[in-house]
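# Structure assessment
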Amino acid sequence: MKRLIWMGCWAYLLIGLAHVVVGSIMPNLLEYYGKEYTAGGSLIFAQFAGFLVGVLISPLLISNFGKRTGLIIATGMLCIAEICYTLLLPWEWMYVVGTVAGFGFGMIEAVIGTLIIVAVKEGTAVAMSKLEVFFGVGALVMPLIAGWLIRTEMWRFSFLFIALSALMMLLAWMKSDFGELNHLLNAKEAKREKKGALLTQYQGIRGLLLVVFTLFFFLYVGTEMSFVNFLPSLLIEKLGTDKSTAAFSVTLFWMAMTVGRVFAGVIAERVSYSRYVLWSCAASLVLISLFSITGQLSVMFALILLFGLFMSGLFSIALVFASKLLPGAEESTPSILIAAGGTGGALLPLAMGKSMDVVGADTSAWMLSAFVALLFILSISASLIQRFRAKHIAEA
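Residues numbered from 1 in each chain as written. Predicted model: local features only at pLDDT ≥ 70, side-chain atom pairs only at ≥ 80, totals over all residues. Heavy atoms only, no water.

Tallied over the full model, the rule gives 18 aromatic pairs. Between Phe-48 and Phe-51, the ring centres sit 6.3 Å apart and the planes meet at 70°, which makes this aromatic pair edge-to-face. In this pair, Phe-48 and Phe-51 both sit in helix H3 (residues 37-65), three residues apart, roughly one turn of the helix. Overall, the relative accessible area of 5% leaves Phe-51 in the buried class. Centre to centre, the rings of Phe-51 and Phe-105 are 6.0 Å apart; their planes meet at 45°, and the pair counts as tilted. Pair noted here: Phe-51 is in helix H3 and Phe-105 is in helix H5 (residues 91-119), with a separation of 54 residues, a long-range link. Among the residues examined, Phe-105 registers a relative accessible area of 2% and is labelled buried. Feature note: the residues Phe-135, Phe-227, Phe-253, Trp-254, Phe-291 and Phe-307 constitute an aromatic cluster, connected by ring pairs. (Phe/Tyr/Trp six-rings, centres within 6.5 Å; stacked < 30°, edge-to-face > 60°. Helix = DSSP H or I, 4+ residues; strand = E, 2+ residues; numbered from the N terminus. Buried < 20%, exposed > 50% of the residue type's maximum accessible area, 1.4 Å probe, protein only.)

What follows is the structure, given as structure tokens:
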């Protein structure tokens, strides 16, 4: 089991690296091709499109080939895509490459998340938090690696670093022995009983829970991506902060996210998943509201740090919370929710960018507060549904 968890951590480290590599070298990439930032945004959107397809198609692939083979396919696709990135193919082909890369790390994320939730029966939240910690480490380390390579005029090899990491992981998945878990990894799970089998998993109150959590993940990932991508711009517009200081705010946020994820699983196991999600959303709402009204940089940095800490465990703990509330659907629920998050991560930053252009930073900051307020309402809804169902079962 420990080997599987550490392989999952390695996979999430790789995903963290792959998620941010394009953004880390975006200015150099666009300068090389003579493109504007709109083209860069389109490339990132292509990656998100591939990510969504990878997440959504992962249950189909693992049902036909098994989880281990699915991970080998996804890791191989990511490796090939990063090599193609390194070659700096004609720009039109880069969209195709971005889609393939997104498919690769999207499928890896979905399969690993499902695998941990199915395999780890006790301490699931702790295991998922470990994965998220390594994702955060990858997102922190990649800009540092890219920065060093940019200074040495070898920025294109940022992609090659990920390709080599993916190749090593590919070989590890092919060769590793997981003992009694080999059956779980290799099983093709051909459960083709009925065409409506997926629908029967989410009937009645289970369907309502799925809707609540789908909206929750859409808003959470969309809010996180909007905050990270536009945080420097918010500080520059609201306070006139210089660019280097504004950029440091993103590093501060990711540091807080990474540290928070170290403790999120342990705290959630002690206080219950529902309370953890509810309290984290409540605290995040207070902090982002204070962020919207404050006018001092030092206070803003403190709020960014605290906001990162309270937001840090929401993704992994909510994913475990949803899966525990929907027993029997552990194979499909993570993929649906991760896909919802990917959709939010693609669409809400577009709305945030439009808001920044039309109404400015102050109103856009309050829009982020509105997103977190909706998260809080959805967390209350999930807790109430959980209590209602528990009471109904007890009475029955």
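On we go from here.
Turning our eyes to something else, we now look at the environment of Ala-127. Position of Ala-127 relative to the elements: it lies in helix H6 (residues 124-151). For Ala-127, the residues in contact, after removing those within four places along its chain, are Ile-5, Ile-116 and Val-120. (Contact = heavy atoms within 4.5 Å.)

Two elements in contact, H6 and helix H14 (residues 314-325), have axes whose closest approach is 8 Å; the angle formed by their N-to-C orientations is 145°. The crossing of H6 and H14 is right-handed. Residue-level inspection shows Thr-124, Ala-125, Met-128, Ser-129 and Glu-132 of H6 in contact with H14, the latter providing Phe-315, Ser-316, Ile-317, Leu-319, Val-320 and Lys-324. Across the contact of H6 with H14, the residue classes tally to six nonpolar, three polar and two charged. (Axes fitted to C-alpha atoms, helices over the stretch in contact; angles between N-to-C directions. Left-handed = near helix turned anticlockwise from the far one by under 90°. Nonpolar A, V, L, I, M, F, W, Y, C, P; charged D, E, K, R; others polar.)

Turning our eyes to something else, we now look at the side chain of Glu-82. Relative to the helices and strands, Glu-82 is located in helix H4 (residues 67-86). Although Glu-82 is buried, it forms no salt bridge, and the closest oppositely charged side chain is Arg-156 at an N-O distance of 12 Å. Here Glu-82 is in contact with Ala-18, Val-21, Ala-101, Phe-159, Ile-162 and Ala-163, once residues within four sequence places are set aside. (Lys, Arg positive; Asp, Glu negative; His and termini not counted. Salt bridge = Lys/Arg side-chain N within 4 Å of Asp/Glu carboxyl O.)

What follows is about the nonpolar core. Among the nonpolar cores identified, the biggest contains 131 residues, and Phe-216 and Phe-291 are the most heavily contacted of them. Counting residues per element, this core draws most heavily on helix H10 (residues 205-239), which supplies 16 residues. Setting aside residues up to four positions removed in sequence, Phe-291 forms contacts with Phe-227, Leu-231, Leu-234, Leu-235, Lys-238, Met-300, Leu-303 and Ile-304. (Core = buried A, V, L, I, M, F, W, Y, C linked by side-chain atoms within 4.5 Å.)

This part covers the environment of Ala-339. Within the secondary structure, Ala-339 sits in helix H15 (residues 333-358). Overall, Ala-339 belongs to the buried group, its relative accessible area being 5%. Residues Ala-339 and Phe-51 lie 288 residues apart in sequence; the distance between their C-alpha atoms is 8.0 Å. Residues within four places of Ala-339 in sequence aside, it is in contact with Leu-52, Val-55 and Leu-56.

Along an α-helix, residues three or four positions apart point the same way, because every turn accommodates 3.6 residues. Of all the bends found along H10, the most pronounced is centred on Phe-230 and spans about 55°, while Pro-232, a proline, follows it within four residues. Gly-240 sits one or two positions beyond H10 and adopts a positive phi of about 70°. (Bend = angle between axes of the 7 residues up to and from the residue.)

In a structure, side chains of opposite charge can pair up when their charged atoms sit close to one another. Counted under the stated rule, the structure contains two salt bridges. Close ionic contact of Glu-132 with Arg-261 constitutes a salt bridge, the shortest N to O distance being 3.3 Å. Here Arg-261 lies in helix H11 (residues 243-271) and Glu-132 lies in helix H6, a separation of 129 residues in the sequence. As far as burial versus exposure is concerned, Glu-132 and Arg-261 are alike and both buried. For Lys-238, the salt bridge is made with Asp-362, and the minimal N-O distance between the two is 3.0 Å. Of this pair, Lys-238 sits in helix H10 while Asp-362 sits in helix H16 (residues 361-395); the two residues are 124 residues apart in sequence, bridging distant segments of the chain. Assessed through its relative accessible area of 47%, Asp-362 is described here as partly exposed.

A separate point is the environment of Leu-314. Mapped onto the elements, Leu-314 comes out in helix H14. In this structure Leu-314 comes out as buried when scored by relative accessible area, which is 0%. For the pair Leu-314 and Cys-281, spaced 33 residues apart in sequence, the C-alpha to C-alpha distance is 8.1 Å. If we ignore the near neighbours within four places in the chain, the residues touching Leu-314 are Phe-216, Tyr-220, Tyr-276, Val-277, Ser-280 and Cys-281.

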